[in-house]
Amino acid sequence: MNQSIITIHSSHSQQQLVIDPPKAGLTLQGNLRVPGDKSISHRALMLGAIAQGKTRIQGGLLGEDPRSTARCLRAMGASISELNPQQVEVEGVGNGNLQEPDAVLDAGNSGTTVRLMLGLLASSPQRFFVISGDESLRSRPMSRVVEPLKQMGAQIWGRQNNSRAPLAIQGQSLQAIDYTSPIASAQVKSCILLAGLMTEGRTTVTEPSLSRDHSERMLAAFGADIATDAETKSVTIQGKPTLKGQTIVVPGDISSAAFWLVAAMIVPDSELVIENVGINPTRTGILDALERMEADIAIEDQTLIAGEPVANLRVRSCSLKGAEIGGNLIPRLIDEIPIIAVAAVFAQGRTLIKDAAELRVKESDRIAVMASQLTKMGAKVTERSDGLEIVGGGNLTGTEIEAYNDHRVAMSFAIAALNAQGKTTINGAQAAAISYPDFFENLQQICQINSL
Ligand code: S3P
């Protein structure tokens, strides 16, 4: 029976979602597809906009974040058809030809939009830009991209010593640099590579451990001269290439699939197949972490689509064990830590998540928010400066949870609620639409209630 366990109350732009699982008999069953990868969708829109000719994006995400990227690019002269998952058409302006917008660029809630775009704006001579976003985005650190861009000669001003949006940029011809980033961040790496596109000579970025490499793969596909060195973890781009419009097929987002992986594990007698998920090795830290926790996941029907590995993931309920998660694994699962914390609550023993201080500057302070909200449900969680310590094996009790306008927090608590006693209310559940507009519909579709 597919009885509804979810109710939504809306007032103004806020959504309050109530999840009321039955006392017994709930399982999750079926096949589902998650929306297109958010990181790849942003990059396809941006590279399409600065390429020559037409780019076709198939399977792209329709979430609020790529909409922000599309809105900014349209304001600078790129023609982008309405976003839809079948096909989006982008008519590029050509490398270096983004126009000066006549209003502030609005990046909404999207860190990827503002940080990657800064590379394009800073290197566009004789054009002036102002870029800003919502309250969360305006509180997030931008020095990580402003600093290296300034080393290239960029002119950027902003609040708090040029470290917070709104940021004003006077585009310039920049100088190529060889930059060693103190953090493993794909946004930092990609920003510099995009600035390098319009800069004479060779621009190199080295990172402490490998972050997602979608920019490198896609820049190569669009015709840029780009070389990576796995040993030194560096990537070099030759400036001033002609980029040619491409057809990009976007795989399902493993960061969205992660919610279903954990859901099936913690709800007894469940089995789900998540189809067409991108399993680029720079993103599969979640699979490695869950394997350490003794999860039951099979990778099936693996193929390569448009330069990115893709597979179906079959997951079954299992008993999980606590594990230590840190070091080089962190950049490969950075967005999945909220849902890993939920898995840890249901695992036997202790889970330690460390080296993840970056979580404090995501859409919310995810260390503080996950610790406080899981504790409200009765979990044993200790907040650390760089992560979380969770003693699993406990029972959760439904209560009122705040999503803090963070999509991954909202979705993580919807999954935790499935295995809690009683009702969980999530305030601000509309945040899920940032990366997964149909999340709650999909959740309802896979819920089966077996009457005893
Ligand atoms: C992203 C990189 C990561 C990730 C974000 C998307 C990207 O951020 O958390 O959701 O598309 O480049 P950092 O580069 O700050 O680690």
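Each remark here, short or long, concerns the structure printed above.
Everything numeric here is computed off the predicted structure, so don't read it as measured data. (Residues numbered from 1 in each chain as written. Predicted model: local features only at pLDDT ≥ 70, side-chain atom pairs only at ≥ 80, totals over all residues. Heavy atoms only, no water.)

So, the pairing of strand 2 (residues 14-19)
Part 1 of the argument: Judged from the 6 bridges that link them, strand 1 (residues 6-11) and strand 2 form a sheet pairing that is antiparallel. Residue pairing across strands places T7 opposite V18, the latter belonging to strand 2.
Part 2 of the argument: Once strand 1 ends, the chain turns through 2 residues before running back antiparallel as strand 2, passing H12 with a positive phi of about 50°.
Part 3 of the argument: Pairing of strand 2 with strand 26 (residues 424-427) involves 4 bridges; the strand directions are antiparallel. Within strand 26, the position partnered with I19 by the bridge is T424. (Pairing = 2+ DSSP bridges. Helix = DSSP H or I, 4+ residues; strand = E, 2+ residues; numbered from the N terminus.)

Quick look at the packing of helix 9 (residues 254-266) against helix 11 (residues 337-345)
Part 1 of the argument: Between helix 9 and helix 11, the shortest axis-to-axis distance is 9 Å and the interhelical angle comes to 5°. Taken together, the axis directions place helix 9 and helix 11 in an arrangement best described as roughly parallel. Two secondary-structure elements touch here, helix 9 through A258, F259, V262 and I266 and helix 11 through I339, V342 and A343.
Part 2 of the argument: Split into classes, the residues belonging to the contact of helix 9 with helix 11 amount to 7 nonpolar, no polar and no charged. (Axes fitted to C-alpha atoms, helices over the stretch in contact; angles between N-to-C directions. Parallel < 35°, antiparallel > 145°, perpendicular 65-115°, else oblique. Contact = heavy atoms within 4.5 Å. Nonpolar A, V, L, I, M, F, W, Y, C, P; charged D, E, K, R; others polar.)

Focus: the packing of aromatic side chains
Aromatic ring pairs are described here by two measures, namely the spacing of the ring centres and the angle between the planes.
Part 1 of the argument: In the structure shown here, the tally under the stated rule is 5 aromatic pairs.
Part 2 of the argument: Look at W260 and F439: their rings are 4.7 Å apart centre to centre, the planes differ by 15°, and that puts the pair in the stacked class. With W260 in helix 9 and F439 in helix 14 (residues 439-446), this residue pair connects regions lying 179 residues apart in the sequence.
Part 3 of the argument: According to the relative accessible area criterion, W260 is buried, its value standing at 0%.
Part 4 of the argument: Its relative accessible area of 0% is what places F439 among the buried residues.
Part 5 of the argument: Each ring, one from F439 and one from F440, has its centre 5.1 Å from the other, and the planes form 85°; the classification is edge-to-face.
Part 6 of the argument: You can call F440 buried: its relative accessible area is 8%.
Part 7 of the argument: Here a set of aromatic residues connected by ring pairs shows up, and it is made of F259, W260, Y436, F439 and F440. (Phe/Tyr/Trp six-rings, centres within 6.5 Å; stacked < 30°, edge-to-face > 60°. Buried < 20%, exposed > 50% of the residue type's maximum accessible area, 1.4 Å probe, protein only.)

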